[in-house]
Amino acid sequence: MSGNARYVFAVARDLDVAELSGTHGFQGAAVEAVEHEKLAAVVCDVDLAEFGAEPLTRNLEDLAWVERVARTHNEVVWRVAAVSTCAPLRLVTVCADDESVRAKVDSLRAGLEDVLDRIEGRQEWSVKVLVAPRPAGETSPVAPATSGADYLRRKRQASDRRRDLSVEAEHIARDVHDLAHTHAVASRRLAPQDPRLTGRPETMVLNAAYLVEADEHEAFTAALHAAGEQHPSVTVEVEGPWPAYSFAVLE
Amino acid sequence: MSDIDLHASATGLQPGGAGQVSLVDLLDRLLGTGVVLAGDVLISLAGVDLVEIRLKALITSVRADMARRERAEQ
């Protein structure tokens with residue numbers, strides 16, 4: 001397969017395309033807007049030798065390629081979100097040409113308008129709750145077990161302690177989520193990230209996204225920082241604002 | 001959303017900012033979320049969820065690699 005296609009980053013409303021001048025997509029291609037009535041699809045040219053169906057199946061197995069594409073996608077979405085109301089598209093959406101982009105936007109117009117209404121003037125915040133692993137000394141008995149029964153008893157106690165801790169962490173995660181939700185217009189819980197992917201020793205017990213009014217974010221972050229201080233056994237991490245990725249899902 | 005609000009980030013999330021967003025945080029948001037506007041190229045191949053499926057497979061294999069490496073180190 002050869003030739004070019006259009007990679008679609010986002011659909012925006014109230015976008016002045018001049019504000020995106022100097023923004024680049026892949027391989028230095030300029031970012032352009034394909035306008036359709038009041039909406040604009042933000043696109044750039046891509047080479048089908050890289051983004052065509054067959055090369056994509058190979059490239060999607062190359063983590064370095066995925067990372068490069070994800071970061072470029074994110075950079076463009078940030079630029080668009082900074083100057084418009086922006087519904088980001090999922091990674092690697094490729095259309096044959098502008099006509100096809102317009103047809104897609106047209107067929108989804110009602111849903112897109114709903115999404116844009118939902119996220120206008122709002123931003124996404126990420127909240128994570130992490131529990132540090134217990135130091136080994138706290139869970140293993142110092143003196144050797146005096147008998148088989150003693151060994152089993154200690155083993156059971158250690159297991160009870162671990163269970164109590166994880167139950168406590170779950171409770172805290174729920175409290176933090178409830179608190180964040182009261183300051184948000186919508187929330188979405190994501191799967192906790194595996195320690196092997198985060199590269200951190202802590203166990204994640206909450207990984208959630210909140211859609212917060214732009215002028216409410218100080219109250220939101222202040223409430224969560226206070227919650228973190230109230231619960232010293234966990235770490236509460238608040239990151240944002242993100243473009244509203246988690247709330248741009250078409251129903 | 002105004003320019004000022006988006007860039008008034010306490011944690012330097014924006015590209016080129018102080019803190020680099022981790023790939024796993026990025027993929028959390030770029031996979032399975034966002035508006036799904038299925039592209040021609042993907043549809044012609046295998047349907048709308050192809051990208052997500054392949055990326056899930058990729059992440060599964062990364063996890064398996066990491067687990068193998070951990071076991072080898074122990």
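Residues numbered from 1 in each chain as written. Chains lettered and ligands numbered in written order. Predicted model: local features only at pLDDT ≥ 70, side-chain atom pairs only at ≥ 80, totals over all residues. Heavy atoms only, no water.

### Details of the overall build of chain B
Then step 1. A tally of helices and strands in chain B yields four helices and zero strands.
Then step 2. Each helix (α) and strand (β) of chain B, taken in turn from the N terminus, gives the series α-α-α-α.
Then step 3. When the 74 residues of chain B are sorted by exposure, 42% land in the buried category. (Helix = DSSP H or I, 4+ residues; strand = E, 2+ residues; numbered from the N terminus. Buried < 20%, exposed > 50% of the residue type's maximum accessible area, 1.4 Å probe, protein only.)

### Here we look at the packing of helix 3 (residues 63–83) of chain A against helix 2 (residues 23–30) of chain B
Helix-helix packing: each pair is described by the crossing angle between the helix axes and the interaxial distance.
Then step 1. Interaxial distance between helix 3 of chain A and helix 2 of chain B falls to 10 Å at its minimum, and their mutual angle equals 70 degrees. One element, helix 3 of chain A, and the other, helix 2 of chain B, form an angle in the roughly perpendicular class. Helix 3 of chain A and helix 2 of chain B meet at a crossing whose hand is left-handed. Counted together, A:Leu63, A:Val66, A:Glu67, A:Ala70, A:Arg71, A:His73 and A:Asn74 of helix 3 of chain A and B:Leu23, B:Leu26, B:Leu27 and B:Leu30 of helix 2 of chain B form the full contact between these two elements. (Axes fitted to C-alpha atoms, helices over the stretch in contact; angles between N-to-C directions. Parallel < 35°, antiparallel > 145°, perpendicular 65-115°, else oblique. Left-handed = near helix turned anticlockwise from the far one by under 90°. Contact = heavy atoms within 4.5 Å.)

### So, the environment of A:Glu218
All names here are of chain A.
Then step 1. Relative to the helices and strands, glutamate 218 is located in helix 9 (residues 217–230).
Then step 2. Residue classification places glutamate 218 among the exposed residues on the basis of a relative accessible area of 60%.
Then step 3. Expressed as a C-alpha distance, the spacing of glutamate 218 and aspartate 47, which sit 171 residues apart in the sequence, is 43 Å.

### Considering the side chain of A:Ser84
Then step 1. Tracing the sequence through the fold places A:Ser84 in the loop between helix 3 and strand 4 (85–88).
Then step 2. In this structure the side chain of A:Ser84 is engaged in a polar contact, spanning 2.8 Å, whose partner is the backbone oxygen of A:Val80. (Polar contact = N/O pair within 3.5 Å; in protein donor to acceptor, adjacent residues only side chain to side chain.)

### Examining the packing of helix 7 (residues 148–182) of chain A against helix 9 of chain A
Residues and elements named next belong to chain A.
Then step 1. Contact pair helix 7 / helix 9: the axes reach a minimum separation of 9 Å and the direction vectors enclose 160 degrees. Taken as axis vectors, helix 7 and helix 9 run roughly antiparallel relative to one another. Where helix 7 crosses over helix 9, the two elements pack in a sense that is right-handed. Along its contact with helix 7, which presents Val176, Leu179 and Ala180, the element helix 9 presents Phe220, Ala223, Leu224 and Ala227.

### A short note on the packing of aromatic side chains
Two numbers describe a pair of aromatic rings. These are the distance of the centres and the angle of the planes.
Then step 1. Evaluation of the coordinates by the stated rule reveals nine aromatic pairs over all chains.
Then step 2. Centroid distance A:Trp125 to A:Phe220: 6.2 Å. Interplanar angle 50 degrees. Geometry classified as tilted. Of this pair, A:Trp125 sits in strand 6 (residues 122–131) while A:Phe220 sits in helix 9, and the two are 95 residues apart along the sequence. The two residues A:Trp125 and A:Phe220 agree in class, both being buried.
Then step 3. With centroids separated by 5.8 Å and ring planes inclined at 50 degrees, the aromatic side chains of A:Tyr210 and A:Phe220 adopt a geometry described as tilted. On the criterion of sequence distance, the pair formed by A:Tyr210 in strand 8 (residues 203–213) and A:Phe220 in helix 9 is long-range, its members being 10 residues apart. A single burial state applies to A:Tyr210 and to A:Phe220, both of which are buried.
Then step 4. Three or more aromatic residues joined by ring pairs form one cluster here, namely A:Tyr7, A:Phe9, A:Phe26, A:Phe51 and A:Trp65.
Then step 5. Sitting over the ring of A:Trp242, B:Arg29 keeps its end group 4.6 Å from the ring centre. (Phe/Tyr/Trp six-rings, centres within 6.5 Å; stacked < 30°, edge-to-face > 60°. Lys NZ or Arg CZ within 6 Å of the ring centre and 35° of its normal.)

### Description of the state of the cysteines
Then step 1. All chains considered together, the criterion is met by zero disulfides over all chains.
Then step 2. With no disulfide of its own, A:Cys44 has A:Cys95 as its nearest cysteine by sulfur position, at a separation of 12 Å. (Disulfide = S-S within 2.5 Å.)

### What about the pattern of salt bridges?
Then step 1. Inspection of every chain in the model, using the stated rule, returns 19 salt bridges over all chains.
Then step 2. Between A:Glu99 and A:Arg102 there is a salt bridge; the shortest N-O distance is 3.8 Å. Placement of both A:Glu99 and A:Arg102 in helix 4 (residues 98–107) is noted, with a separation of three residues, approximately one turn of the helix.
Then step 3. The exposure class of A:Glu99 is exposed, given its relative accessible area of 54%.
Then step 4. Residue classification places A:Arg102 among the partly exposed residues on the basis of a relative accessible area of 28%.
Then step 5. B:Arg29 is the partner of A:Glu124 in a salt bridge, and the nearest nitrogen-oxygen pair spans 2.6 Å. (Salt bridge = Lys/Arg side-chain N within 4 Å of Asp/Glu carboxyl O.)

### A look at the domain arrangement of chain A
Residue and element names in this part refer to chain A.
Then step 1. Domain boundaries in chain A define domain 1 (4–119) and domain 2 (122–248).
Then step 2. The interface is formed by 10 residues belonging to domain 1 together with nine residues belonging to domain 2.
Then step 3. Both sides together, the interface formed by domain 1 and domain 2 hides about 850 Å², and carbon and sulfur atoms give 62% of it.
Then step 4. Three residues stand out in domain 1 for area buried against domain 2, namely Pro88, Arg118 and Ile119, and they jointly supply 56% of the buried area on that side.
Then step 5. Put simply, domain 1 and domain 2 have zero salt bridges between them. (Domains from an automatic or database assignment. Buried area = accessible area lost by both parts, 1.4 Å probe.)

### Digging into the pairing of strand 1 (residues 4–13) of chain A
All names here are of chain A.
Then step 1. Taken across its 10 residues, strand 1 has nine buried, putting it largely inside the fold.
Then step 2. The sheet contact formed by strand 1 and strand 3 (residues 39–47) spans nine bridges and is antiparallel. Paired with alanine 10 across the strands is valine 42, a residue of strand 3.
Then step 3. The pairing of strand 1 with strand 5 (residues 94–95) spans two bridges and is antiparallel. Residue pairing across strands places tyrosine 7 opposite valine 94, the latter belonging to strand 5.
Then step 4. Bridge count for strand 1 against strand 4 is four bridges, and the pairing is antiparallel. (Pairing = 2+ DSSP bridges.)

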